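Remarks on the overall topology
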Amino acid sequence: MRTSYAIALGSNQPHARFGRPEAVLRAACAELSTGATRLIAMSPILRSAPIGPSLRTYANAAALIDTPLEPLELLAHLKSIEAAFGRRMGGQRWRARVLDLDILLWLNGAFADDLLCIPHREMRARP
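One structure accompanies this document, and this report is about it.

Parameters at a glance
- Residues numbered from 1 in each chain as written.
- Predicted model: local features only at pLDDT ≥ 70, side-chain atom pairs only at ≥ 80, totals over all residues.
- Heavy atoms only, no water.
- Helix = DSSP H or I, 4+ residues; strand = E, 2+ residues; numbered from the N terminus.
- Contact = heavy atoms within 4.5 Å.
- Core = buried A, V, L, I, M, F, W, Y, C linked by side-chain atoms within 4.5 Å.
- Buried < 20%, exposed > 50% of the residue type's maximum accessible area, 1.4 Å probe, protein only.
- Phe/Tyr/Trp six-rings, centres within 6.5 Å; stacked < 30°, edge-to-face > 60°.

**Quick look at the side chain of E22**
With respect to the helices and strands, the residue E22 is situated in helix 1 (residues 21–31). Dropping the residues within four chain positions of it, E22 is found in contact with I45, R47 and A59.

If you want it as structure tokens, here you go:
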């Protein structure tokens, strides 16, 4: 059975293929339109100041997707997209990154375990 999720997208580093962070987000949304996920809608791209030690301004957006994936399956899928865009895991929290994808909301309600919390814990603290 298919369900919907709201996904946060962020980038504050250029990508060798896609260019500026805004283009990275558009390319990531195109990726969310393939395979097990289908893009329903994408918000406008906004610029925001970084949180934490990163000095680069972020490009941020949100996307609504439709998928048969359960929360942990979707999380693994999003992490694979981040890796394909060159994201390296580990290191300092809130550092500069080519692509960050977070699950904000799930149509089926709340979910929580050691790897994932839906709704996203920081969602209400950010514009």
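**Comments concerning the nonpolar core**
One finds L9, L99 and I103 to be the most contacted residues of the largest nonpolar core, which totals 26 residues. Of all the secondary structure elements, the ones that give two or more residues to this core are strand 1 (3–11), helix 1, strand 4 (58–67), helix 2 (71–84) and strand 5 (100–106). No other element matches helix 1, which puts five residues into this core. Ignoring any residue separated from it by four or fewer positions in sequence, one finds I103 in contact with Y5, A6, I7, P71, L74, L75, L78, L116, I118 and H120.

**Topic: the environment of I118**
Mapping I118 onto the fold places it in strand 7 (residues 117–118). The exposure class assigned to I118 is buried, which follows from its relative accessible area of 2%. Sequence separation of I118 and Y5 is 113 residues, and the distance between their C-alpha atoms is 9.9 Å. With near-sequence residues (within four places) excluded, I118 lies in contact with Y5, P71, I103, L104, L105, W106, G109, A110 and F111.

**What about the packing of aromatic side chains?**
Applying the stated criterion across every chain yields a total of three aromatic pairs. Between F18 and F85, the ring centres sit 5.1 Å apart and the planes meet at 25°, which makes this aromatic pair stacked. Taken together, the residues span a long stretch of sequence, with F18 in the loop between strand 1 and helix 1 and F85 in the loop between helix 2 and strand 5 at a distance of 67 residues. With centroids separated by 6.3 Å and ring planes inclined at 80°, the aromatic side chains of W106 and F111 adopt a geometry described as edge-to-face. Owing to a relative accessible area of 14%, W106 belongs among the buried residues under this scheme. Feature note: the residues Y5, W106 and F111 constitute an aromatic cluster, connected by ring pairs.

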